[in-house]
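Descriptive analysis of the structure
Each chain, written out:
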Amino acid sequence: MAPSFPILIFLLLTLSTHLLPLHAFMKLVAYCSNMEFESKVKNINVSFISHRPESITDQSFNFGVEITSPVRDLKLSLIYYPIMRNSTTRTALFKRTVDMCFYMQNPNSDRLLRVVYDYVRQRTNLPKRCPIPAARYYIRNIRPADVPVPAFIPETEFMMELIYRNEVKREIMVEFRCYGKLVRIIGRI
C-alpha cells in the first residue's frame, strides 16, 4: 500500500497541472440573425450595413441616419421579447420608454439604458442634445457581442425593438428590430 501512495501523489500533481488552464469565464452575448431598420417619416432616412453576419463574436453593424429637418421631440421605447421554444405569443420581459431629449442631457436618469447609451455614444456623431439638426449621422462598428447583457436574462432567442416617436405629432418616426439569439460563450481569463 505504501509504494502506491507516491504514485498517487505523482498522478494527482500531473493531472492538476493540466486542469489549471480550465479557469474560464462565461459571457452571455447577443447575435442578430435578422434586422429591420425603417423610417416611417419623410424627413429621416435610415440604412445599415452588416459585417461578418455569420460570426457570433465578430458580427458588427454600421448605421446611417440622414435627417432633412430638425428633430425637436424624440421618445424612445426599448422592448425586449424572449422567444421561448414552441411559443407563438410574445410577452415583453423588459420595456422602457424615455424622453430622449431629456435623457441625452441626463444619462444617469436610467442606469440600465446608460450601459447601452455609453457604448453607442463612443461610436457615433449624433449630437448630445435636442433639437437634433438636419445632417448626416452615423453609428459605426456596433458589435452585439460587446454590448453588456445582464446575467438574469435567459439564454434564448429574442426580438429587441427600438421605436422612436414624435409625441407632439403622434407619429412613429423610426423602427428598429433585431431578431437573434443570446449565446453563452466560454473563454479563458
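Model, not experiment: these values are computed from the prediction.

Conventions adopted
- Here the residue numbers are simple positions, counted from 1 along each chain's written sequence.
- For this predicted model, a pLDDT threshold of at least 70 governs which residues receive local features, and a threshold of 80 or more governs which side-chain atom pairs are given and counted, while totals over whole chains, interfaces and linings are taken from all residues.
- Side-chain descriptors were evaluated using all non-hydrogen atoms of the structure, hydrogens and water having been removed beforehand.
- In this text, helices come from DSSP runs of H or I with a minimum length of four residues, and strands from runs of E with a minimum of two, each type numbered from the N-terminal end.
- For every residue, the accessible area (1.4 Å probe, protein chains only) is compared with the maximum for its type, and the residue is labelled buried under 20%, exposed over 50%, or partly exposed between those bounds.
- Whether two residues touch is decided by their heavy atoms; if any such pair falls within 4.5 Å, the residues are in contact.
- Values of accessible area rely on a 1.4 Å probe in the Shrake-Rupley scheme; residue burial ignores everything except the protein chains shown.
- What pLDDT expresses is the predictor's confidence in each residue, scored from 0 to 100.
- Salt bridge, as applied in this entry: a Lys or Arg side-chain nitrogen positioned within 4 Å of an Asp or Glu carboxyl oxygen.
- A pair of strands is labelled paired if DSSP reports no fewer than 2 bridges between them.
- Detection works on a 1 Å grid of protein atoms alone, calling trapped sets that fit a 1.4 Å probe cavities and calling open sets with protein on both sides within 12 Å along at least five of seven lines pockets, with lining residues defined by an atom within 4 Å of a point.
- Grid points are joined across faces, edges and corners, and a volume is the space filled by probe spheres set on the points.
- When residues are grouped by polarity, Ala, Val, Leu, Ile, Met, Phe, Trp, Tyr, Cys and Pro land in nonpolar, Asp, Glu, Lys and Arg in charged, and all others, Gly among them, in polar.

1. Considering the overall build of the chain
A tally of regular secondary structure across the chain gives 3 helices and 8 strands. Beginning at the N terminus, the succession of helices and strands in the chain can be written as α-β-β-β-β-β-α-α-β-β-β. Expressed as a percentage of its 189 residues, the buried residues of the chain come to 35%. Intrachain contacts of the chain at a sequence separation of at least 6 include 64% that bridge at least 24 residues. Summing over all exposed atoms, the chain offers an accessible surface of approximately 12,300 Å²; the carbon and sulfur share of this is 59%.

2. What about the confidence of the model for the chain?
Here the chain shows a mean pLDDT of 87. Residues at 70 or above account for 86%. With pLDDT under 50 throughout, residues 15-23 is counted as low confidence; its partners more than four residues away or in other chains account for 3 contacts.

3. With respect to the pattern of salt bridges
This structure, assessed with the given rule, holds 15 salt bridges. A salt bridge links D58 to R143, with the shortest nitrogen-to-oxygen separation between them at 3.4 Å. Placement of D58 in the loop between β2 (44-51) and β3 (60-67) and of R143 in the loop between β6 (135-142) and β7 (157-166) is noted, with a sequence separation of 85 residues between them. Residue R184 pairs with E155 through a salt bridge whose shortest N-O separation is 3.7 Å. Separated by 29 residues along the polypeptide, R184 in strand β8 (residues 171-188) and E155 in the loop between β6 and β7 bring together distant segments of the chain. Accessibility expressed as a relative area gives 44% for E155, which makes it partly exposed. Among the charged side chains, a salt-bridge network with shared partners connects E36, E38, K40, E161, E175 and R177.

4. Focus on the pairing of strand β4 (residues 75-83)
Of all 9 residues in β4, 7 are buried, a share of seventy percent or more. In this structure, β4 lies alongside strand β5 (residues 94-99), joined through 6 bridges in antiparallel fashion. Counterpart to Y80 in the pairing with β5 is F94.

5. Thoughts on the layout of surface pockets
It is the rolling of a water-molecule-sized probe over the atoms that shows where space remains empty. For the largest pocket, the calculated volume is near 1,400 Å³. As for the largest pocket, its lining consists of 49 residues, of which L78, V116, V120, L162 and Y164 are closest to the centre. The biggest single contributor to the lining of the largest pocket is helix α3 (residues 111-121), with 7 residues. Partitioned by chemical class, the residues of the lining of the largest pocket number 47 nonpolar, 1 polar and 1 charged.

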